[in-house]
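Each chain, written out:
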Amino acid sequence: MKYNIRITKVKESHLSEVDFNNIPFGRVFSDHMFVVDYKNGEWIDPRIEPFGRFGIHPAAMALHYGQAIFEGMKASKSYDGKPMLFRPERHAHRINNSARRLCMPEIPEDLFLDGLHALIAIDSNWIPAQEGSALYIRPFMFANDEFIGVRPSESYKFFIITGPVGPYYPKPVSLLVEEKYARCAVKGGTGEAKAAGNYAGSLLPAKLAQEKGYDQVMWLDSNEFKYVQEVGTMNIFFVIDGKIITPALDGGILQGITRDSILKIFREKGFQVEERRITIDEVAEAYKAGKLQEVFGAGTAAIVSHVSRILYGELLMELPPVESRKYGELAKAEINGLRSGRIKDTHGWIVPVKSPVAMKVG
Ligand SMILES: Cc1ncc(COP(=O)(O)O)c(C=O)c1O
């Protein structure tokens with residue numbers, strides 16, 4: 001470990017209060033958090049502290065001008081009980097892409113990774129052992145200058161917090177194709193960054209879609225409202241006539257790590273895969289011709305969510321029953337198999353959490 005991480009442990013763990021068979025997503029937090037400050041051009045005082053509230057100045061710039069970015073990742077236990085991370089260096093890399101776009105300082109990737117390993121090692125008892133469950137990990141960074149005025153902040157805080165999440169058995173999602181509202185995720189915008197503001201801009205259209213009985217919005221490009229981008233917090237895949245098609249990364253779409261992994265797996269298995277622009281009209285035509293076999297979203301939370309129906313204008317596309325979805329199911333089984341250690345990792349994606357002894361932690 002390169003960085004000297006100061007550690008203050010909780011006096012008493014509250015692990016025993018948690019019902020691991022019934023964990024609401026996003027509401028249960030582990031005992032500790034990793035914190036590091038950015039001041040005067042450097043990252044200082046990396047530390048692990050008891051999880052808890054912290055003070056913030058009312059003029060903290062993130063609250064006003066939105067310099068706030070985050071990541072979402074998971075730690076799981078292999079079938080023989082070893083804590084594992086999935087492609088953590090890709091998340092370290094992606095948060096720095098986000099930082100650059102929002103004019104925030106990059107966090108050294110080895111500081112991100114050292115803090116992550118130390119935190120997960122200390123709270124490794126919080127990783128649920130049940131298959132399909134995981135410890136959700138939320139790294140985030142925000143502007144902390146106490147200043148009113150639009151300019152990049154000069155001080156920042158970076159945190160990693162975690163919390164156990166139960167097995168994610170999502171029911172297939174219904175999607176409404178959004179033809180009026182755009183997010184900040186336009187070409188040249190902040191779509192490739194995991195910026196808090198991107199999600200703020202998606203809330204109203206998502207709420208309106210839900211009022212119409214649809215779970216999520218399918219986003220189109222916001223220049224022509226023609227090309228499919230992504231869905232809520234997932235990248236999107238179509239299977240048309242035996243070909244697996246996903247929108248190409250065009251600067252407006254998040255570079256999903258699940259997307260990338262699934263693409264590699266499909267290619268290695270010899271499937272026909274296309275990363276390209278795809279119009280919603282092409283999807284509609286394929287549906288009308290009986291060639292739209294599957295649609296699924298891919299992201300860290302659910303790995304794969306099948307899509308049940310898509311409303312595009314007047315056209316309701318009803319997709320085949322989940323039992324017939326061989327492509328989406330294969331992708332899900334492969335990623336879950338890798339995470340549990342039941343499928344051999346030939347890519348170096350599965351990273352064992354460094355032991356506390358090796359890190360002189362605790
Ligand atoms: C907008 C958006 N697209 C796609 C994804 C999927 O990315 P990943 O597979 O890295 O979780 C996410 C989730 O992070 C997201 O928020």
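Placed above this text is the structure.
Residues numbered from 1 in each chain as written. Predicted model: local features only at pLDDT ≥ 70, side-chain atom pairs only at ≥ 80, totals over all residues. Heavy atoms only, no water.

Peer 1: Looking at this structure, I do not really get the overall build of the chain. What am I missing?
Peer 2: Within the chain, the secondary structure is distributed over eight helices and 18 strands. Since a compact globule built from 362 residues should have a radius of gyration of about 21 Å, the 21 Å found for the chain is in line with a globular shape. Out of the 362 residues in the chain, the part that is buried amounts to 51%. Averaging the coordinates of the 45 positive side-chain charges in the chain and doing the same for the 44 negative ones gives two points 1 Å apart. (Helix = DSSP H or I, 4+ residues; strand = E, 2+ residues; numbered from the N terminus. Rg over C-alpha atoms; globule rule 2.2 N^0.38 Å. Buried < 20%, exposed > 50% of the residue type's maximum accessible area, 1.4 Å probe, protein only. Lys, Arg positive; Asp, Glu negative; His and termini not counted. Charge placed at Lys NZ, Arg CZ, Asp CG, Glu CD.)

Peer 1: Sorry if this is basic, but what is going on with the pattern of salt bridges here?
Peer 2: Two side chains that carry opposite charge are able to pair once their charged atoms sit near each other. Here the structure, examined in full by the defined rule, presents 24 salt bridges. Between arginine 151 and aspartate 145 there is a salt bridge, and its shortest N-O distance comes to 2.9 Å. The exposure class assigned to arginine 151 is partly exposed, which follows from its relative accessible area of 30%. When its relative accessible area of 10% is taken as the criterion, aspartate 145 is described as buried. Between arginine 276 and glutamate 282 there is a salt bridge, with the nearest N and O atoms lying 2.7 Å from each other. Salt bridges sharing partners connect three or more residues here, namely Arg6, Asp37, Asp45, Arg47, Glu49 and Lys157. (Salt bridge = Lys/Arg side-chain N within 4 Å of Asp/Glu carboxyl O.)

Peer 1: Whenever I open this one, the packing of helix H2 (residues 88-101) against helix H3 (residues 109-122) confuses me. Can you help?
Peer 2: Helix packing geometry: the angle between the two helix axes and the distance between the axes. Remark: H2 packs on H3, axes separated minimally by 9 Å, with the N-to-C direction vectors making an angle of 130°. The orientation of H2 with respect to H3, classified from their angle, is oblique. Relative to H3, the crossing made by H2 is right-handed. Two secondary-structure elements touch here, H2 through Pro88, Glu89, His91, Ala92, His93, Ile95 and Asn96 and H3 through Glu109, Phe112, Leu113 and Leu116. In the contact of H2 with H3, the residues fall into six nonpolar, three polar and two charged. (Axes fitted to C-alpha atoms, helices over the stretch in contact; angles between N-to-C directions. Parallel < 35°, antiparallel > 145°, perpendicular 65-115°, else oblique. Left-handed = near helix turned anticlockwise from the far one by under 90°. Contact = heavy atoms within 4.5 Å. Nonpolar A, V, L, I, M, F, W, Y, C, P; charged D, E, K, R; others polar.)

Peer 1: Whenever I open this one, the layout of surface pockets confuses me. Can you help?
Peer 2: The gaps of empty space that remain are located by a probe, the size of a water molecule, rolled over the atoms. Here the largest pocket is characterised by a volume of approximately 970 Å³. Lining of the largest pocket is provided by 42 residues; of these, Tyr199, Gln216, Gly232, Thr233 and Met234 occupy positions nearest its centre. Listed by contribution, the elements that provide at least two residues to the lining of the largest pocket are H2, strand E7 (134-143), helix H4 (196-211), strand E10 (216-220), strand E12 (234-240), helix H5 (257-268) and strand E15 (292-299). In terms of residue count, the dominant contributor to the lining of the largest pocket is H4 (seven residues). Summarising the domain contributions, the lining of the largest pocket has at least three residues from each of domain 1 (6-167) and domain 2 (173-340). Approximately 410 Å³ is the volume found for the second largest pocket. (1 Å grid on protein atoms, 1.4 Å probe; cavity = no way out; pocket = protein on both sides within 12 Å on 5 of 7 lines; lining within 4 Å. Points joined across faces, edges and corners; volume = space filled by probe spheres on them. Domains from an automatic or database assignment.)

Peer 1: For this particular structure, what's the right way to read the pairing of strand E9 (residues 173-177)?
Peer 2: Counting buried positions over the five residues of E9 gives five, a clear majority of the element. Here E9 pairs with strand E16 (residues 303-312) via four bridges, running parallel. Across the sheet, serine 174 pairs through a bridge with arginine 309, a residue of E16. Two elements, E9 and E10, share three bridges in a ladder whose sense is parallel. When the bridges of E10 are listed, valine 177 appears paired with methionine 218. (Pairing = 2+ DSSP bridges.)

Peer 1: Just to check I follow, could you spell out the side chain of histidine 306 for this structure?
Peer 2: Positionally, histidine 306 belongs in strand E16. For histidine 306, a relative accessible area of 5% translates into the label buried. A distance of 2.7 Å separates a polar atom in the side chain of histidine 306 from a polar atom in the side chain of glutamate 329. With near-sequence residues (within four places) excluded, histidine 306 lies in contact with Pro172, Val173, Val295, Phe296, Val322, Arg325, Gly328 and Glu329. (Polar contact = N/O pair within 3.5 Å; in protein donor to acceptor, adjacent residues only side chain to side chain.)

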